[in-house]
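Coordinates in review
Residues per chain are reported as follows:
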Amino acid sequence: LAVNHYRAFTDQPKGQIGMATKLLIVESPGKVKKLSQILGSDWLVKASMGHVRELAEDGEDSLGFSLDGDSVRCHFVARGTRGKETIQHLLSAVQRVKSVVLATDPDREGETIAWHLEQALKLRNPQRVVYTEITPTAIDAAISHPRSIDRNLVNAGLCRTVLDKLVGYKGS
């Protein structure tokens with residue numbers, strides 16, 4: 001697992017490391033090589049390996065969130081050692097480029113992962129792209145039409161996270 005984890009951060013075609021000005025962050029390390037080939041040397045492609053943060057084990061009943069009137073305050077931490085390492089590797093990559101594009105999966109969970117990456121990497125208004133196939137045409141179309149992170153999907157994802165923990169912990 002450690003070797004595969006490392007490869008997700010170094011699996012760039014030869015000659016491309018250090019020349020990139022743009023960073024594309026995807027969820028799956030299995031997409032890195034093909035996307036790197038499609039995007040070319042101006043792009044560095046890295047994988048978040050899915051979720052990098054989770055609710056902490058603090059607060060009332062160790063749920064990682066607190067209810068404050070009609071709002072919920074969440075406290076997130078890196079998801080274990082892998083999450084910490086991934087965040088550090090991605091922070092290093094962010095420092096080497098001029099722009100960052102988040103290309104997590106096109107669903108509620110992917111949008112939430114994009115938001116967590118924005119927060120953990122301290123990104124300011126990152127671009128968000130979505131695609132449903134890894135072909136030059138689909139990737140070019142996605143890159144040509146970036147958008148911001150959909151806060152409604154993020155809020156739905158965070159609500160689901162809180163409810164899962166509340167029902168899972170309190171219900172059992």
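Okay, so let's go over this structure. (Residues numbered from 1 in each chain as written. Predicted model: local features only at pLDDT ≥ 70, side-chain atom pairs only at ≥ 80, totals over all residues. Heavy atoms only, no water.)

**Quick word on the overall build of the chain**
- Of regular secondary structure, the chain possesses 6 helices and 8 strands.
- In sequence order, the chain lays out its α and β elements as α-β-α-β-β-β-β-β-α-β-α-β-α-α.
- Here the chain holds 172 residues, and 40% of them are scored as buried.
- For the chain, long-range pairs separated by at least 24 residues make up 60% of all intrachain contacts whose partners lie at least 6 apart in sequence.
- Total accessible area computed for the chain in this model is approximately 9,700 Å², and 51% of it derives from carbon and sulfur atoms. (Helix = DSSP H or I, 4+ residues; strand = E, 2+ residues; numbered from the N terminus. Buried < 20%, exposed > 50% of the residue type's maximum accessible area, 1.4 Å probe, protein only. Contact = heavy atoms within 4.5 Å. Areas by Shrake-Rupley, 256 points an atom, 1.4 Å probe, with all protein chains shown as cover.)

**Here we look at the pairing of strand β5 (residues 71-74)**
- Inspection of the sheet shows strand β4 (residues 65-68) paired to β5 by 4 bridges, in the antiparallel sense. Bridged to Phe65 within β5 is Cys74.
- Between the antiparallel neighbours β4 and β5 lie 2 residues, among them Gly69 with a positive phi of about 65 degrees. (Pairing = 2+ DSSP bridges.)

**Section: the sheet that holds strand β7 (residues 99-102)**
- Reading across the sheet, the 4 strands line up as β2-β1-β7-β8 and stay open at both edges, with parallel pairing between neighbours. One side of each edge strand has no neighbouring strand; the edge strands of this open sheet are β2 (43-47) and β8 (127-128).
- Sheet topology places strand β1 (residues 22-26) next to β7; 4 bridges connect them, and they run parallel. Looking at β7, one finds that Lys22 is bridged to Ser99.
- Packed on one face of the sheet, helix α3 (residues 80-95) meets β1, β2 and β7 and runs near 170 degrees to β2. (Axes fitted to C-alpha atoms, helices over the stretch in contact; angles between N-to-C directions.)

**Observations concerning the environment of Val52**
- You can see Val52 is positioned in the loop between β2 and β3 (53-55).
- Considering only alpha carbons, one finds Val52 and Phe76, 24 residues apart in sequence, at a separation of 9.8 Å.
- When sequence neighbours within four positions are dropped, the list of residues in contact with Val52 reads Val77, Ala78, Arg79, Gly83, Thr86, Ile87 and Leu117.

**Comments concerning the pattern of salt bridges**
- Counted according to the given criterion, the structure contains 9 salt bridges.
- Between Lys22 and Asp42 there is a salt bridge, with the nearest N and O atoms lying 3.4 Å from each other. Taken together, the residues Lys22 in strand β1 and Asp42 in the loop between α2 (32-39) and β2 connect sequence positions 20 residues apart.
- Its salt-bridge partner being Lys31, residue Asp105 comes within 3.1 Å of it at the nearest N-O pair. Note that Asp105 is positioned in the loop between β7 and α4 (108-120) and Lys31 in the loop between β1 and α2, a separation of 74 residues in sequence. (Salt bridge = Lys/Arg side-chain N within 4 Å of Asp/Glu carboxyl O.)

**Describing helix α5 (residues 136-144)**
- Along α5, the positions that sit buried rather than exposed are Ala138, Ile139 and Ala142. Buried residues of α5 fall within an arc of 95 degrees about the axis and therefore sit on the same side. Those residues of α5 that are exposed and aimed more than 90 degrees away from the buried face are Thr137 and Ser144.
- The inward-facing, buried residues of α5 contact α2. (Arc of directions from axis to C-beta.)

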